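# Observations on the three-dimensional arrangement
Each chain, written out:
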Amino acid sequence: MKKVYCTVLSLIVPILGFAKAEDDKKAVKADTAVVTEAKDEEEAKGAFAFSGYLDSYYMANFNKPVSRSNMGASNARVFDQKSGQFSLGLVQAKVAYTNAKSEAVVDLTFGPNANMGNYGNALFSTALAIKQAYFTYKFTDKFSMTAGQFGTHIGYEVIDAPANFNYSLSNLFNNGPFYHAGLKATYAFSDKASLMVGVVNNVDGLGDNNRAKGIISQLYFKPVENWNVYVNYIGSNEANTDSLGKQPDGFYQVFDLTTSFQISEKFLLGLNAAYGSQKGDYQGAGGPIKAESWGGVAVYANTAITDNFGIGARYEYFNNDSGVRGLLTAAKTGTKVNSVTLTGNINLADGHILVKPEFRLDAYPKLSGAGEAQQFQDSEGGWTKNSQTTFGLAFIYKF
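Residues numbered from 1 in each chain as written. Predicted model: local features only at pLDDT ≥ 70, side-chain atom pairs only at ≥ 80, totals over all residues. Heavy atoms only, no water.

Within an unreviewed UniProt entry, the label attached to the protein reads Putative beta-barrel porin-2, OmpL-like. bbp2, and the organism entered is Dyadobacter soli.

## Details of the confidence of the model for the protein
In the predicted model, the protein carries a mean pLDDT of 87, and the fraction of residues at 70 or more is 86%. Here residues 1-36 scores under 50 on pLDDT; set against residues more than four positions off or in separate chains, the count is 15 contacts. (pLDDT = per-residue confidence, 0-100. Contact = heavy atoms within 4.5 Å.)

## Structural notes on the packing of aromatic side chains
Throughout the structure, instances matching the rule amount to 15 aromatic pairs. Between the aromatic rings of Tyr252 and Tyr282, the centroid separation amounts to 5.5 Å while the plane-to-plane angle is 55°, which identifies the pairing as tilted. Taken as a pair, Tyr252 in strand β10 (residues 251-262) and Tyr282 in the loop between β11 (267-279) and β12 (292-304) lie far apart in primary sequence, 30 residues in all. Judged by its relative accessible area of 1%, Tyr252 is buried. (Phe/Tyr/Trp six-rings, centres within 6.5 Å; stacked < 30°, edge-to-face > 60°. Helix = DSSP H or I, 4+ residues; strand = E, 2+ residues; numbered from the N terminus. Buried < 20%, exposed > 50% of the residue type's maximum accessible area, 1.4 Å probe, protein only.)

## A word on the nonpolar core
Ile216, Ile234, Tyr252, Val254, Trp294, Phe318 and Tyr364 are the most contacted members of the largest nonpolar core, which totals 25 residues. Listing elements by their share of this core, those giving two or more residues are β7 (193-200), β10 and β12. Among the elements that take part in this core, β12 stands out by supplying 3 residues, more than any other. Those residues in contact with Val254 that lie beyond four places of it in its chain are Ile154, Asn232, Tyr233, Ile234, Tyr275, Gly276 and Trp294. Judged by nonpolar contacts, the second largest core, of 18 residues, contains Tyr57, Phe79, Tyr167 and Ala394. (Core = buried A, V, L, I, M, F, W, Y, C linked by side-chain atoms within 4.5 Å.)

## Points about the side chain of Asp55
Structurally, the position occupied by Asp55 is in strand β1 (residues 47-61). For the buried residue Asp55, which engages in no salt bridge, the nearest side chain bearing the opposite charge is Lys356, 9.3 Å off. Among the polar contacts listed, one links the side chain of Asp55 to the side chain of Tyr167, at a separation of 2.5 Å. (Lys, Arg positive; Asp, Glu negative; His and termini not counted. Salt bridge = Lys/Arg side-chain N within 4 Å of Asp/Glu carboxyl O. Polar contact = N/O pair within 3.5 Å; in protein donor to acceptor, adjacent residues only side chain to side chain.)

## Focus: the pairing of strand β4 (residues 128-138)
For strand β3 (residues 102-110) and β4, the ladder comprises 9 bridges, and the chain directions are antiparallel. Its bridge partner lying in β4, Ala104 is registered against Phe135. If you look at the hairpin formed by β4 and strand β5 (residues 143-151), you'll find 4 residues sitting between the two strands. (Pairing = 2+ DSSP bridges.)

## Some thoughts on the pairing of strand β16 (residues 387-398)
Relative to β16, β1 runs antiparallel, the two sharing 9 bridges. Across the sheet, the residue bridging to Ser56 is Phe395, located in β16. Alignment of strand β15 (residues 353-363) against β16, held across 11 bridges, turns out to be antiparallel. Looking across to β16, one finds that Lys356 is bridged to Ala394.

## Remarks on unusual backbone geometry
Phi angles above zero are rare outside glycine, and Arg68 is one such case at about 55°. Relative to the elements of secondary structure, Arg68 occurs in the loop between β1 and β2 (86-98). Look at Arg68 and you get partly exposed, because its relative accessible area is 44%. If you check the backbone angles, Asp350 has positive phi at about 55° while not being a glycine. Position of Asp350 among the secondary structure elements: in the loop between β14 (335-348) and β15.

Okay, structure coming up:
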């Protein structure tokens, strides 16, 4: 009604020719105030948005392992762990409320992969997990702060299957942080540069296992149009407190570079490189007495063949010779891997349905010695394979 009133008032004032010039000015000011008030009320109300997705897959393993597992000796895959059977992946339900000055997000995941993506934060075993739950307040157009649980800023890939071109996730993703709980602040210097810094609990935990807090940061800049660069960091002490409640000496840190360049409308190049180091206990699992490092690099190339079909490749080298991360041999020693992934993307139902055929090869060093257990199981149950080749289809519906 206020907008209608403003229009009528604007038409009446010029007709009343006997109105004084000062009265005209007052009428215009009043009219402007009403319009501004209506606009402010509309922005203050905000809006709800509901979105989500569900995914399932079938993965054939050419080694035909008796266990029907793609995991190998230790953590060879993140979510697509089963072979030779149709499997449910992740189901997401996300609600966001946004107005001019703030945003609140509740992001829940369900299904077999829920706890894998948010271990230590599942509500009912693997049935339901809080993926994200946070709110953001915008102090100005340039400065904002976020509090709660949020996905990690580190890495090229994310948990959500529709957002990644490849369906299977990289070893860099698998061996880095998944999420954080804490407080972070972001300042945008311009639309081409921003800085985020924050304080969080221990890695991948809603609660904290000690009194130490982690520091996170991200520097974003855009050197030229269509080229985005993110320089990321996390540093913390992940050691459990001892029996006396004291904090043991130790540290965990990751330096991460993520960048993508949209060379043309249909061709994208991406890069992710990370270097991490650890010393001392890691959340009760033990750790090296002196600092040990790990790291890797992944290169991405995606191209759109048609409006509804694209193809992408990922090459990754990951090194955990130190044995401080989860990728290990059958003897629980460190190892390294070269991985090549080729993925197709088929869009159906106006982009709501994604079908992703995918080929992936993982090659580990051949271990010498009589009876040495290799990285992967064969069709007779023996650990005789140092490489693994899979081919599968992922079926995703997003809304």
